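Chain by chain, the residues:
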Amino acid sequence: MWLYLVRHGEALPGDVDPERGLSEAGRQDAEKVAALLKGQAIEVEAVWESGKKRATQTAEIMAGALTSKAGVVRQTGMAPMDPVTPIMEKLSSLEGDYMLVGHLPFLSILASRLVLGTEDPDVVLFREATVVRLEKGLKGQWAVGWMVTPGIL
């Protein structure tokens, strides 16, 4: 199983857009990363997103670069301060690969819990529009497979 964890692109300030959608730079960064993903022929069961505007927009951009059986799906329990255990439990009962598009500190804590079993939010530094692929091994242990940030493109 592969799990793609994606932090949303840069958001507009709340005084410009109360829903905090993507800024132009945030959209461009997400599109750069998505263009790289497109060449990887990635297939997932679904692209889960938190329901916040910036995550939805980023998820739609990413979904356009890969094959997703269910498309973009709003998934509760992925807000910035939500506990990660319910999503971990849900993922443990699923087969196939998934992409989760969300926020800090949720994504950092999820990555840390999966890879190390601890809630250290600094194990993976999720810059905006970053994609991290976690790989689940034969013994059920997760590891970081690769990571892409807009800054290296």
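Now for a description of the structure that goes with this document. Nothing here was measured: the structure is a model prediction, and the numbers come from that model. (Residues numbered from 1 in each chain as written. Predicted model: local features only at pLDDT ≥ 70, side-chain atom pairs only at ≥ 80, totals over all residues. Heavy atoms only, no water.)

What to know about helix H3 (residues 85-92)
Cut-off, in case you're wondering: Note on exposure labels: buried denotes an accessible area under 20% of the residue type's maximum, exposed denotes more than 50%, and partly exposed covers the range between, all computed with a 1.4 Å probe on protein chains only. Numbering of helices and strands runs from the N terminus; a helix is a DSSP stretch of H or I covering at least four residues, while a strand is a stretch of E covering at least two. Throughout, the arc means the angular range of directions from the helix axis out to the C-beta atoms. Any two residues having at least one pair of non-hydrogen atoms within 4.5 Å are treated as being in contact.
Taken residue by residue, H3 has Ile87, Met88 and Leu91 as its buried positions. Along H3, the residues classed as buried sweep out an arc of 100° about the axis, all on the same side. Turned more than 90 degrees from where H3 packs its buried face, Glu89 and Ser92 sit exposed. Looking at the packing, one finds that the buried side of H3 touches strand S1 (2-7), strand S3 (46-49), strand S6 (98-102) and helix H4 (106-115).

A look at the nonpolar core
As a reminder, the rule being used: Only buried residues count toward a nonpolar core. Its members are Ala, Val, Leu, Ile, Met, Phe, Trp, Tyr and Cys residues joined through side-chain atoms within 4.5 Å.
Within the largest apolar cluster, 23 residues are counted, with the highest numbers of intra-cluster contacts made by Leu3, Leu5, Trp48, Ile87, Leu100, Leu110 and Leu134. For this core, the secondary structure elements donating two or more residues are S1, S3, H3, S6, H4 and strand S7 (131-136). Looking at this core, the element that brings in the most residues is H4, giving seven residues. Not counting residues up to four positions away in its chain, the partners in contact with Leu5 are Leu100, Leu107, Leu110, Ala111, Phe126, Thr130, Val131, Val132 and Leu134. Membership of the second largest hydrophobic core comes to 21 residues, among which are Leu37, Ala55, Ala63 and Met99.

Some thoughts on the pattern of salt bridges
Selection rule: The rule for a salt bridge is simple: a side-chain nitrogen of Lys or Arg has to be within 4 Å of a carboxyl oxygen of Asp or Glu.
For the structure on display, the rule yields six salt bridges. With its nearest N and O atoms 3.2 Å apart, the salt bridge here joins Lys69 to Glu45. Of the two residues, Lys69 is situated in the loop between strand S4 (67-68) and strand S5 (72-74) and Glu45 in the loop between strand S2 (43-44) and S3; the sequence distance between them amounts to 24 residues. Residue Glu45 is classed as partly exposed on the basis of its relative accessible area, which comes to 25%. In this structure, the salt-bridge partner of Arg133 is Glu135, at a minimum N-O distance of 2.8 Å. Note on Arg133: relative accessible area 12%, which makes it buried. What makes Glu135 partly exposed here is its relative accessible area of 28%.

A word on the sheet that holds S7
Threshold: Strands qualify as paired when DSSP identifies two bridges or more between them. Between N-to-C directions, angles span 0 to 180 degrees; the directions come from axes that are lines fitted to C-alpha atoms, helices contributing only their stretch in contact.
Read across the sheet, six strands follow the order S5-S3-S6-S1-S7-S8 without closing on themselves; strand pairing throughout is mixed. Each edge of the open sheet carries a strand with a single partner, namely S5 and strand S8 (142-148). Direction aside, the axes of adjacent strands within the sheet are offset by 25° on average. By the bridge criterion, five bridges tie S1 to S7 in an arrangement that is antiparallel. Bridge pairing in S7 places Leu3 opposite Leu134. Helix H1 (residues 24-38) contacts S6, S7 and S8 of the sheet and is inclined by roughly 115° relative to S8. Packed onto the sheet, helix H2 (residues 53-63) meets S1, S3, S5, S6 and S7 and runs at close to 165° relative to S3.

Looking at a nonpolar patch on the surface
Cut-off, in case you're wondering: Note on patches: the residues involved have over 30% relative accessible area and no salt bridge, like charges join within 9 Å, and the nonpolar side chains Val, Leu, Ile, Met, Phe, Trp and Tyr join within 5 Å. Each accessible area value is a Shrake-Rupley result obtained with a 1.4 Å probe; residue values ignore everything except the protein chains displayed when judging cover.
A grouping of Leu36, Ile152 and Leu153 is seen on the molecular surface, where their side chains present a nonpolar patch of about 270 Å² in accessible area. Along the chain, Leu153 falls in the segment after S8. With a relative accessible area of 43%, Leu153 lands in the partly exposed category.

Some words on H1
What counts, and what does not: Each residue after the first adds 1.5 Å to the expected span of a helix.
Spanning 15 residues, H1 covers 21 Å between terminal C-alpha atoms, matching the ideal 21 Å at 1.5 Å per step. In this structure, the buried residues of H1 make contact with H2, S6, S7 and S8.

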